[in-house]
Amino acid sequence: MIQRWSLVLICLSLLCGTPESWPLELSVPNSGPSPDGPSLLYFSSEKSCEKAFRSTDYFLWTPVTKEDLDFEQSFYYEVYKDRYDISRQYIDMSGSIEKTVRKDALNLGVDWTPAMNAFRGRAAGGLLLTTDIGPNARVEYRGVPLYIRSGISAQSRADTLYTGSPLFSETINDPGFYGTFQLGDYKNPFMDYPVYIEGRGFVRSIDGTGMAVLTGSALTALELGSGDSVLFFYGDTLFNGKEGYIGESAEGVSLINTPWKIERNTRFTAGLRMEERMALSSAFWYSLGRNALKYPSDNRMWDGSVRRSSIGTQVHTDTAMNFGASVHFGIEWREYERRRSAANTDALDKSIMTDYNPNLNVSAFIAFPFKIKTRYDYNVSRTLTEYPQINKENTLTNDRDRLTSSHRLTFTAGQWSRFDAEIYGESTHYTLQYLQSHQSSRNRSDEGQRVGLLVSIKPLPVLELKEYAAAEAKRSDYHFREFYTEPQFTPPWYSRALSSATTVRWQLSERYNFKVGWDKRYSDYGHWYGQEYMVEELRVDSTLRTDYYAIVGKSMLHSIDMSVNYEKERFNAQLGTKAIEIHDKIWDRVYGTGKKGVIVEPYMETAAMIKDTFGIMLHLSNTLVIGQTGFLGESGVWDFKIMITGGF
C-alpha cells in the first residue's frame with residue numbers, strides 16, 4: 001500500500017508540467033530544496049524615476065548563532081512620490097528569535113512586526129504605526145508542522161500632519177491583541193498519506209476594529225489502476241471584520257475604517273488523468289466555486305455572490321511524433337447576484353446576471369522532411385450573457401450573445417544553419433447579437449484577416465538579420481442595415497494596418513556588437529460605404545460612387561534604435577539612442593486634426609554580477625519631445641532605474 005501511495009505522490013509532483021488548460025489547483029507547488037548554509041546578510045534595492053519616484057529596499061539579517069538558536073531580522077522600506085508631491089511610505093521591521101527545545105519536535109521563541117504607513121497629500125498627511133509582538137511555538141508531529149503566534153498589538157496614528165510642519169495635530173494610541181496559526185503545508189504530504197493539507201488563521205482586534213481570517217486547502221490523488229489517477233481539491237477562505245487605513249476624507253487625512261464585511265470563497269475541483277494509450281493522453285475535470293460578500297450593518301453597500309462551474313477535457317498526441325493533434329473543450333457558466341445590504345430586502349433591489357462560456361480549441365501539425373513543419377489551429381468560443389432579474393434602478397439590460405471563431409495556418413522552416421522562417425495566415429469572425437428586441441439594431445459581425453512573416457538570416461558568422469512583417473484588415477457589418485441608412489447614415493467601420501520590425505546585429509569582436517532596430521507601422525480606420533447602406537442617397541443621385549473605403553484617421557510611426565553592446569560572462573553594458581516619429585491625422589466634415597512630432601531618447605544600461613553574491617543593474621535615459629506627439633511625459637526629464645541585490 002505504501003508503494004502505491006508513493007507512485008501517486010510521484011504522479012502529483014509531475015503535474016506541474018501539464019498543459020495550461022489543466023486546473024492549476026490540481027498541481028502541487030514546486031517547493032524545491034532549501035539552500036544549505038547560513039545566510040548572514042541578504043539585501044536588495046530598487047529605485048526608479050519614470051514619471052514618479054519609486055524606491056524599495058529590503059534587508060534580511062540572519063547571524064550565525066548557537067546550533068539550537070535562530071535569529072532573523074528584516075527591514076523593508078517602500079517609497080512612492082509623484083510630481084504633485086503626493087507621497088506614500090511603508091516600513092516593516094519584522095524579526096524573530098527561536099530556540100530549539102526538542103530537536104525536530106518543538107521550537108519556542110518571540111517575534112515582532114512593527115510597521116508604519118505614512119501618507120502625504122497636497123495639503124496634509126497622516127501616519128499609522130502598528131506593532132505586533134508576542135511568543136510563538138513551532139511543533140512538528142510525523143512531518144506535519146504546526147505554527148502558533150499570539151501577543152499584543154499597539155496602534156498609534158496621527159490624524160492630520162500639515163504639510164511643512166513636523167508636528168502632529170493629534171496623536172491617538174490604541175492597544176489590542178492578535179493571534180495566528182498555520183497547520184501543515186504544501187511542501188510535504190500530510191503524515192505520509194497521499195494528501196497535501198494547509199490551514200491558516202489570523203485574528204486581530206484594536207479599538208473596535210477587528211478581523212478574523214481562516215483559510216484552508218486540501219489536495220489528494222487516488223490511483224485507479226493502469227496508471228490512471230483521479231485528483232480532488234478543496235479550498236475555503238473566510239474573512240470577517242473590518243480594517244483601518246490612512247486616507248483622505250472630507251475632513252482631511254485621517255484613519256478610515258472599512259465597513260464591516262463577511263466574505264467567503266470556496267472552490268472544489270476534481271480531475272481525471274488517463275495514462276497514455278496508443279500515443280494519446282487525455283484528462284477530464286470539473287470545478288465548482290462560490291464567492292460571497294456581505295455587509296451586515298451598512299445598507300448603502302451591495303451584498304453579492306458569484307457561483308462558478310466549469311467542466312473541461314483535453315486530448316493530445318505525443319509531441320515527439322512527426323504528426324499529431326490536440327483538442328481542448330471546456331464550458332464555464334457563472335451566476336452573479338447582488339442585493340442591497342442590511343435591512344433592505346426588497347426583491348426589486350436584487351440583480352442576477354448569468355454568463356455561459358463554452359470554448360473549443362483544435363490543433364494539428366505535420367513535420368515534413370528538410371525541417372519544414374505546418375500547423376493548423378482552430379478556436380471557437382461563445383459568451384452568452386443574460387439578466388434574468390434586475391434591480392429597479394436599472395432600465396436597460398444588455399442580454400447579448402457573442403461568438404468568436406478563428407482559423408490559423410502556419411508554416412515554419414527552422415533550425416537550418418543560417419536561415420529560419422515562419423509564415424502564417426489568420427482569419428477571424430466575430431458576431432454580436434443582443435437578445436432584447438429593442439436593441440437588435442446593434443447586432444453586428446466583424447471579419448478580420450491577418451498575414452505575417454518572420455525571417456532570421458545569418459549571411460555571415462558575424463552578421464544576423466531578423467524581420468517581422470504583418471498586414472491586417474478588419475471590416476464590420478450590421479445585421480439590420482436599414483437602421484443605418486438615411487436619415488442617420490452610419491456605414492460600418494473598416495480598418496487596416498501594416499507593420500514591419502527589422503533588426504540587424506553585427507558582432508564587431510568577441511565582446512562588442514552593434515545593433516540597429518527599425519520599426520515601421522501604418523494604420524488607418526474609417527467607414528465602408530457599401531451600396532446596401534446608401535439606399536436613400538442613391539435614390540437622390542444614382543451616379544454616386546459606392547463600395548469604397550473612406551478613411552477617417554490614419555497613423556504613421558517610425559522608430560529607430562541604435563546601440564553598442566558589450567557582453568562579458570558577468571558584465572553587460574549597452575549605450576544607445578532611440579528616436580520615434582509620430583504622425584497622426586484625423587479628418588471630419590469641417591477640418592482635420594492630428595499630432596506630429598519626434599521623441600528622442602538616449603539611454604545607457606549596465607548589469608554586473610560579482611562572485612554569484614552581488615548583482616547590480618542600472619538604466620539611465622533622457623527624453624526629448626519635439627512637436628505634438630501625445631506622449632504622456634515631460635521633455636528633458638531624466639529617467640533612471642537601479643537594482644542592487646546581494647548576499648554575504
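Scroll up a little and you will see the structure.
The rules we used
- Residues numbered from 1 in each chain as written.
- Predicted model: local features only at pLDDT ≥ 70, side-chain atom pairs only at ≥ 80, totals over all residues.
- Heavy atoms only, no water.
- Helix = DSSP H or I, 4+ residues; strand = E, 2+ residues; numbered from the N terminus.
- Contact = heavy atoms within 4.5 Å.
- Areas by Shrake-Rupley, 256 points an atom, 1.4 Å probe, with all protein chains shown as cover.
- Core = buried A, V, L, I, M, F, W, Y, C linked by side-chain atoms within 4.5 Å.
- Buried < 20%, exposed > 50% of the residue type's maximum accessible area, 1.4 Å probe, protein only.
- Salt bridge = Lys/Arg side-chain N within 4 Å of Asp/Glu carboxyl O.
- Phe/Tyr/Trp six-rings, centres within 6.5 Å; stacked < 30°, edge-to-face > 60°.
- Lys NZ or Arg CZ within 6 Å of the ring centre and 35° of its normal.

Colleague: Would you take a moment to explain the overall build of the chain for this structure?
Modeller: Looking only at helices and strands, the chain has two helices and 32 strands in total. For the chain, the proportion of contacts with a sequence separation of at least 24, taken over those separated by at least 6, is 55%. As displayed, the chain has an accessible area near 38200 Å², and 59% of this comes from carbon and sulfur atoms.

Colleague: I tried to follow the nonpolar core on my own but got confused; where do I start?
Modeller: Note that soluble globular proteins tend to have their nonpolar side chains buried in a common cluster. Grouped together as the largest cluster of nonpolar side chains are ten residues: Trp22, Leu26, Tyr186, Tyr196, Leu219, Ala221, Leu231, Phe233, Ala283 and Trp285. Of all the secondary structure elements, the ones that give two or more residues to this core are β11 (209-225), β12 (228-241) and β16 (280-294). Each residue touching Trp285, except ones within four places of it in the same chain, is listed here: Ser21, Trp22, Pro23, Ala270, Gly271, Ser310, Ile311, Gly312, Thr313, Gln314 and His328. Counting eight residues, the second largest nonpolar core, distinct from the first, contains Tyr478, Tyr484, Phe489 and Leu538.

Colleague: I'm lost on the pattern of salt bridges in this one. Help?
Modeller: It is possible for side chains of opposite charge to pair when their charged atoms get near one another. What the rule picks out here adds up to 24 salt bridges. A salt bridge links Arg408 to Glu426; the shortest N-O distance between them is 3.4 Å. Of the two residues, Arg408 sits in strand β21 (residues 400-413) while Glu426 sits in strand β22 (residues 419-434), which places them 18 residues apart along the sequence. Across the pair Arg481 and Asp477 runs a salt bridge, and its minimum N-O distance is 2.8 Å. Residue classification places Asp477 among the partly exposed positions, given a relative accessible area of 22%. Three or more residues joined by partner-sharing salt bridges are found here, namely Arg307, Glu335, Glu337 and Arg339.

Colleague: For this particular structure, what's the right way to read the packing of aromatic side chains?
Modeller: Centre-to-centre distance and the angle between the planes together describe a pair of aromatic rings. Applying the stated criterion across every chain yields a total of 18 aromatic pairs. An aromatic cluster of at least three residues, connected via ring pairs, comprises Phe43, Phe59, Phe75, Tyr77 and Phe614. Sitting over the ring of Phe239, Lys261 keeps its end group 5.3 Å from the ring centre. Across from the ring centre of Tyr424, 4.0 Å away, lies the NZ or CZ of Arg408, which sits over that ring.

By themselves, these figures tell us nothing about what the structure is for.
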